[in-house]
Amino acid sequence: MFKKILIANRGEIAFRIVRACRELGIASVAIYSDIDRNALHVRHADQAYPVGAAPAAESYLFVPRILEVAKAAGADAIHPGYGFLAENAEFAQACIEEGLTFIGPSPDAIRAFGDKVSARRLMREAGLPVVPGSEEITTASGAFSLATRIGYPILVKASAGGGGKGMRTVYRAEELPTAIDSARQEAASAFGHGALYLEKFLEPVRHIEMQIIADHHGNVVALGERECSIQRRHQKMVEEAPSTIVTPGLRRRLNKLAIRAVKKIGYTSLGTLEFLLDAKGKINFLEMNTRLQVEHPITELVTGMDLVADQILVASGEKLPYRQRDVKIKGWAIECRISAEDPFNNFLPSVGTVSFVSVPGGPGVRMDSALYDGMEISIYYDPLIAKLCTWGRDRSEAITRMRRALREFKIAGVHTTIPFHLQILDDPHFLARRLDTAFVEKHFQPEPAGGLEEERIAILGAALLAYQTRRPQAVTPVDGQGDRWGRQARPAAQSFPGRTGFGRNRGRRST
């Protein structure tokens, strides 16, 4: 078992990993950029080290600095979370070369699935049905020929990365050159290279993904599906588990396909295989994510598993403590991704200071967040600020609890997507389980509902009252040497200032 893990990430996922480490009895090391100095993951980790300026390239993506901090802190493993370096094969390899365990799959597996053209080829070889498409396109004439063979409409897609970047939908041949140029430029900017391929654009389809975990002893377990059809510009916004469209028979088939693929390629760690399900019930493999997913909490809620802890245990060489027969889906879970964006202004990112936050609670509510009063929402990072999840004995109860939780969730200082989620959960098509990946474009009404302005005024009033009654007091460090969070002053001979965290009794997690 690891003694100390450095978390190469920020925000809610870094805080989530800190919590898992604490339950496992493993010391945690946080890293932070200049503007994240007071972040929750920094406050709660056992040690915290600065790694650079706010731009990610100078901090959370600055590999030499992160590795140097890991060695200085005495870490024996690095958890990348999701995003940033989580699917960077070179970073995973660099960790290994420095004698550190990368908590994730092997560099070779990351490379294979990081290139979507390669991933499609591997899945075909493993016997999975794959969305019709092409190899990498190299010439305009070749692209026209391939598009004609596949049949319009098509998607021009970046072979690297994800999140909808480097992706364009093309309905007619005359649109293809412009789509290729813009997709290539965006892909090169986002992922470092502009390699593209073509894929059949299927509609209407539902986006279903299968969560798997595999250890180093040949054990592979499928942990059920998640429905991710509520998305905007290929970015997931609402997820639920299980899916309303997946029957027990289809679930068994998806489980078998996922397990077969993972065993075929010798994959280990957490992974997610994504599929498109068309109106005729045909399944097509889309891609595989070789990391912890943003939406992992809803799988945890319906299975009772701790995916983060299990990922750490697998990376340490331990066997999975359960088998396929032990996985039981109980109840229903929904996740709403709360972002600092204005849903009534084309989802424009909202930057500023969170002057007041009041988080929901009660039966069946889970909040994964790094929010706090005074938190700065900047232009430098993804606008996701919280993941609100609810569990119910059935879908109806999970939806009812989510509506309540969303109305309890108060954030002042920035716009958020809470009104968007409330509208989706009240939509009759959503309630009737009529979902597809174009749901948001077809049903979201980008105009504020009545009463929204009054609610904003009430939140601002609550924020003002909270400010007046909870004015920050001057804090004197206990030992006179650290700052208000207990971080120690930098010794002259130490390159990276760390801090000693709050004392606690640690117990090892039983396996």
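Residues numbered from 1 in each chain as written. Predicted model: local features only at pLDDT ≥ 70, side-chain atom pairs only at ≥ 80, totals over all residues. Heavy atoms only, no water.

A. The nonpolar core, seen in detail. Leu 6, Phe 91, Ile 312, Ile 338, Phe 409 and Ile 411 are the most contacted members of the largest nonpolar core, which totals 106 residues. Ranked by residues supplied to this core, first place goes to helix H1 (residues 11–24) with 8 residues. If you look at the next biggest cluster of nonpolar residues, it comprises 29 residues, including Ala 109, Ile 212, Leu 273 and Ile 283. (Core = buried A, V, L, I, M, F, W, Y, C linked by side-chain atoms within 4.5 Å. Buried < 20%, exposed > 50% of the residue type's maximum accessible area, 1.4 Å probe, protein only. Helix = DSSP H or I, 4+ residues; strand = E, 2+ residues; numbered from the N terminus.)

B. Quick look at the pattern of salt bridges. As enumerated under the stated definition, the model contains 33 salt bridges in all. Between Lys 387 and Glu 12 there is a salt bridge; the shortest N-O distance is 3.2 Å. Of this pair, Lys 387 sits in strand E22 (residues 384–392) while Glu 12 sits in helix H1; the two residues are 375 residues apart in sequence, bridging distant segments of the chain. Accessibility classification places Lys 387 together with Glu 12 in one group, the buried group. As a salt-bridge pair, Asp 426 and Arg 407 come within 3.8 Å of each other at their nearest N and O atoms. Of this pair, Asp 426 sits in helix H13 (residues 418–426) while Arg 407 is found in helix H12 (residues 395–408), placing the two residues 19 residues apart along the sequence. Overall, Arg 407 belongs to the partly exposed group, its relative accessible area being 42%. Connected through salt bridges with shared partners, the residues Glu 209, Arg 226, Lys 236, Glu 239, Glu 274, Glu 295, Glu 335 and Arg 337 form a single ionic network. (Salt bridge = Lys/Arg side-chain N within 4 Å of Asp/Glu carboxyl O.)

C. Local environment of the sheet that holds strand E4 (residues 77–79). Spatial strand order, E3-E2-E1-E4-E5: 5 strands in an open sheet with parallel pairing. A single partner strand is all that each edge strand has here, and the edge strands are strand E3 (47–52) and strand E5 (101–102). By the bridge criterion, 2 bridges tie E4 to E5 in an arrangement that is parallel. By the bridge assignment for E5, Ile 78 is matched with Phe 102. (Pairing = 2+ DSSP bridges.)

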